[in-house]
Structure formats: C-alpha cells, structure tokens
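# Coordinates in review
Listed below, chain by chain, are the residues.
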Amino acid sequence: MEVPEAPVFPLLKGKVAIITGAAQGMGKTTAAVFLQAGAKVVIADIKTDQGEEVAKELSALGDVRFVKTDISKSDEVQNLIAQTVKEFGQLDVAINNAAHYPDNSPLLDFNEDTWRRLMDVTLTGTALCVKYQMQQMREQGTKGSIVNIASINAFSPEPNMPAYTTAKHALIGLTKHASNEGGPLGIRVNAIAPGPIFSEMSAAALKIMGTTPEAFAAKATSMSRFGQGHEVAQGSLWLGSDCSSYVNGVCLPIDGGALSKW
Ligand SMILES: NC(=O)c1ccc[n+]([C@@H]2O[C@H](COP(=O)([O-])OP(=O)(O)OC[C@H]3O[C@@H](n4cnc5c(N)ncnc54)[C@H](O)[C@@H]3O)[C@@H](O)[C@H]2O)c1
C-alpha cells in the first residue's frame with residue numbers, strides 16, 4: 001500500500017486565506033502566524049483605518065491585503081470573496097474570527113437592539129461567511145478548510161452574556177451542519193473554542209463580570225492563566241492546514257483546561 005507523504009513546513013505554502021476580524025486581537029495574531037506559515041492572507045474587518053494599518057504592518061511577513069467588510073452584510077461578504085479571488089486567484093482557508101462584543105445584562109432585561117445586532121454579526125455574519133466561502137471552494141473544485149472561532153461560552157454560560165452565549169452555542173451547530181455539506185466536496189469545517197485570551201474583547205468581558213484576569217483565570221482554568229492570541233492561532237494553523245486532513249465537524253477547545261475544570 002502506498003503511504004502518502006505528510007505535509008511539511010511551511011504548512012500553508014501556496015494557500016490563500018481569509019481571516020475576519022483581523023484588525024486587532026486574535027485575528028491579527030492569526031494573520032501574522034499564517035503569513036509566516038507561507039499563506040497569502042486577506043484580512044477583513046469593519047474597522048477600515050486600523051485594518052489598512054495592520055495590513056501595512058504585516059506586509060513585512062508576506063502577501064497581505066485588507067478588505068473592509070461588515071460580515072453581517074451579504075454584499076460585503078460576497079465582495080470579500082471576490083476581492084480575494086481577484087488578488088490571489090483562489091480561496092483555500094478561512095478563519096471566521098470576527099464577532100460582536102459580548103452583551104451585558106441578564107436575559108430578564110436584555111436589550112432587544114443589542115441582541116439583534118449581536119446575532120446579526122456573530123451568528124448570521126459567520127453563516128454568510130461560511131456560505132460564500134464554501135460556494136467559492138466548490139466552484140474551484142479544490143479542497144478547503146474553514147474554521148469558525150466559537151468560545152468556551154459555546155458550552156458553558158457566563159452571567160450577563162445571554163446573547164453572546166446563545167450565538168456561540170449556535171456556531172457549533174452551524175459548524176456541524178456545514179461539515180456535512182462540505183465533507184463530500186472536500187471542504188472541512190471545524191471550530192475552535194478559546195478560553196480566556198488577552199484581548200480588547202476579554203478586557204471588556206472582565207469588566208462586565210467585575211473581575212480581574214488573575215482572579216478569573218484562577219477560577220476558570222486549570223492552568224491559572226490567560227492565554228495568548230498566538231496559542232489560538234496555532235490551532236487555526238493546524239485546522240486550516242492539510243495536517244488535519246481527516247478532521248471535520250469538531251470543536252477544539254484552546255482554553256487552559258477550562259472546559260475540564262472541576
Ligand atoms: N478574547 C477572549 O478571551 C475570547 C474568548 C473566547 C472567544 N473569543 C472569540 O475570539 C474571536 C476574536 O476575539 P478577540 O478577543 O480577538 O476580539 P477583538 O474584539 O479584539 O476582535 C474582534 C474583531 O472583530 C471585528 N468585528 C466586529 N464586528 C465585525 C463585523 N460586523 N464585521 C467584521 N469585523 C467585525 C472588530 O472590529 C475586531 O477587530 C471572537 O470571535 C471572540 O468572540 C475571544
């Protein structure tokens with residue numbers, strides 16, 4: 001029996017990747033890691049000036065473009081895919097990382113405008129990304145890998161974030177569904193559930209919960225520390241690359257042991 005060769009470094013050589021929400025935080029770190037792994041990268045974000053600035057900064061690492069995109073708008077997501085193909089000829093990997101900030105109230109008193117906007121961005125926006133990314137990959141007839149960035153809140157709620165918790169739970173359903181449609185086409189769809197990771201978003205979430213990184217990490221993780229963006233990017237790198245070629249429909253926690261914590 002012939003044993004095919006395992007892919008070797010650089011893991012993403014010859015691949016074109018989209019990373020949403022990459023004007024800062026984990027998305028930006030993931031873009032830097034992907035460029036170093038040999039990918040051509042399109043970063044998408046609603047923040048135009050910051051996105052342009054990040055693309056300029058990361059261009060030292062490889063081929064990178066910024067496309068202003070509000071993922072909740074179908075025409076902007078379609079434009080993102082079209083611009084990616086126009087610039088780099090194809091789409092192989094997508095990291096759907098953009099999300100709305102967590103909400104901040106009990107379910108009993110939730111603000112209905114905030115709820116709708118959060119669902120529009122975090123759930124419907126990610127679904128739009130998956131839809132048009134899969135359409136492009138199907139049209140190309142090549143293999144593809146899509147990673148949706150969920151959260152440990154996809155499994156375990158925190159107080160005062162009912163919309164965020166609900167949307168992140170739904171992303172697991174979206175990922176499982178998409179993996180079934182994608183599998184026969186050679187398109188893998190997986191998710192990552194980050195635990196507490198240093199970023200602007202987690203700083204805001206800590207404020208909502210009225211706690212500090214040290215106190216929260218000691219309570220929530222078995223490693224008693226916050227994670228770094230690059231520790232999540234490594235998971236996206238593995239799931240995005242051919243190294244994970246038989247992995248489909250899973251959610252990989254990268255959480256310092258939070259989901260197994262007693
Ligand atoms: N930081 C954590 O502790 C943590 C934990 C679990 C999950 N996550 C998830 O990881 C991902 C990245 O989080 P982060 O901490 O780096 O957050 P962040 O707030 O620093 O970055 C999110 C990015 O998404 C962009 N964005 C927001 N709405 C958008 C829209 N409609 N269209 C396009 N871009 C939009 C923002 O402008 C921002 O650049 C998010 O999905 C978040 O829910 C974060």
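Anyway, here's the lowdown on the structure attached to this text. Every value quoted in this text rests on a predicted model; they were computed, and no experiment measured them.

Looking only at helices and strands, one finds 8 helices and 7 strands in the protein. Taken over C-alpha atoms, the radius of gyration comes to 18 Å for the protein, in line with the 18 Å a tight globule of 262 residues would show. Expressed along its principal axes, the backbone C-alpha trace of the protein runs to roughly 50 × 45 × 35 Å.

Residues other than glycine predominantly adopt negative phi, and peptide bonds predominantly adopt the trans conformation. Although it is not a glycine, Asn160 sits at a positive phi angle of roughly 70°. Summarising the element assignment, Asn160 is placed in the loop between β5 (144–149) and α5 (162–182). The backbone phi angle of Ser224 is positive, close to 55°, even though this residue is not glycine. Structurally, the position occupied by Ser224 is in the loop between α7 (213–220) and α8 (229–240).

Lining the immediate surroundings of the ligand are 29 residues, of which Gly21, Gly25, Ala99, Ser199 and Met201 lie closest. When residues of the shell around the ligand are traced back to their parent elements, those giving at least two are α1 (25–36), α4 (112–140) and α6 (200–209). When its residues are assigned to classes, the shell around the ligand shows 12 nonpolar, 13 polar and 4 charged.

Our next topic: the nonpolar core. Counting residues in each nonpolar core, the largest one holds 72 residues, and the members touching the most others are Ala17, Ile19, Ala31, Phe34, Ala39, Val41 and Ile43. When residues in this core are grouped by element, the largest group, 9 residues, is from α4. If we ignore the near neighbours within four places in the chain, the residues touching Ala39 are Leu12, Lys15, Val16, Ala17, Phe34 and Val93.

Moving on: the sheet that holds strand β4 (residues 93–96). Ordered in space as β3-β2-β1-β4-β5-β6-β7, the 7 strands form an open sheet in which the pairing is parallel. The open sheet terminates on both sides in strands that have one partner only, identified here as β3 (64–68) and β7 (251–254). The mean inter-strand angle of the sheet, taken between neighbouring strand axes irrespective of direction, is 20°. Sheet strands in contact with helix α2 (residues 48–58) are β2 (40–45) and β3, and its direction is about 175° off that of β3.

A few words now on the environment of Leu12. Positionally, Leu12 belongs in the segment before β1 (16–20). On a C-alpha basis, the gap between Leu12 and Ser236 in space is 11 Å, while along the polypeptide they are 224 residues apart. Beyond its immediate stretch of four places on either side in the chain, Leu12 contacts Ala17, Phe34, Ala37, Gly38, Ala39, Val93, Gly240 and Ser241.

This part takes up the pairing of β3. Bridging between β2 and β3 involves 5 bridges; their strand directions are parallel. If you follow Ala44 over to β3, its bridge partner there is Val67. Taking the sense of rotation as the criterion, the β-α-β connection linking β2, α2 and β3 turns out right-handed.

Our focus in this paragraph is the packing of α1 against α8. Two numbers describe how α1 lies on α8: the axes approach to 8 Å, and their chain directions differ by 55°. When the axes of α1 and α8 are compared, the pair comes out oblique. Crossing handedness for the pair α1 and α8: right-handed. From α1, Gly25, Met26, Thr29, Thr30, Val33 and Phe34 reach across to α8, where they touch Gly229, His230, Val232, Ala233, Ser236 and Leu237. Taken together, the residues that form the contact of α1 with α8 break down as 6 nonpolar, 6 polar and no charged.

What counts, and at which threshold
- Within any chain, residue numbers begin from 1 and follow the written order of that chain's sequence.
- The predicted nature of this model means local features are confined to residues of pLDDT at least 70 and side-chain atom pairs, given and counted, to a pLDDT of 80 or more, with totals for whole chains, interfaces and linings taken over all residues.
- Think of it this way: any DSSP run of H or I at least four residues long counts as a helix, any run of E at least two long counts as a strand, and we number them from the N terminus.
- Atoms considered for the radius of gyration are the C-alpha atoms alone. The globule rule reads 2.2 Å times the number of residues to the power 0.38.
- Near residues are defined by distance alone, with the backbone-placed C-beta atom required to lie within 6 Å of the molecule or strand.
- Nonpolar residues are Ala, Val, Leu, Ile, Met, Phe, Trp, Tyr, Cys and Pro. Charged residues are Asp, Glu, Lys and Arg, and all others, Gly as well, are polar.
- The term nonpolar core refers to a set of buried Ala, Val, Leu, Ile, Met, Phe, Trp, Tyr and Cys residues connected through C-beta atoms within 7 Å.
- Here the C-beta atoms are placed from the backbone, and a residue counts as buried if at least 20 other C-beta atoms lie within 10 Å of its own, exposed if 12 or fewer do, and partly exposed otherwise.
- For every residue pair, C-beta atoms are placed from the backbone, and the pair is scored as a contact if these atoms sit within 7 Å.
- For two strands to be treated as a pair, DSSP must find no fewer than two bridges joining them.
- Between the N-to-C directions of two axes lies an angle of 0 to 180 degrees, each axis being a line fitted to C-alpha atoms and, for a helix, fitted only over the stretch in contact.
- Here the term right-handed applies to a crossover when the path leading from its first strand over the helix to its second strand runs clockwise, the strands being oriented away from the viewer.
- Roughly parallel means an angle under 35 degrees; roughly antiparallel means over 145; roughly perpendicular covers 65 to 115; every other angle is labelled oblique.
- Helix crossings fall into two classes, left-handed where the near helix is turned counterclockwise from the far one by less than a right angle and right-handed where it is turned clockwise.

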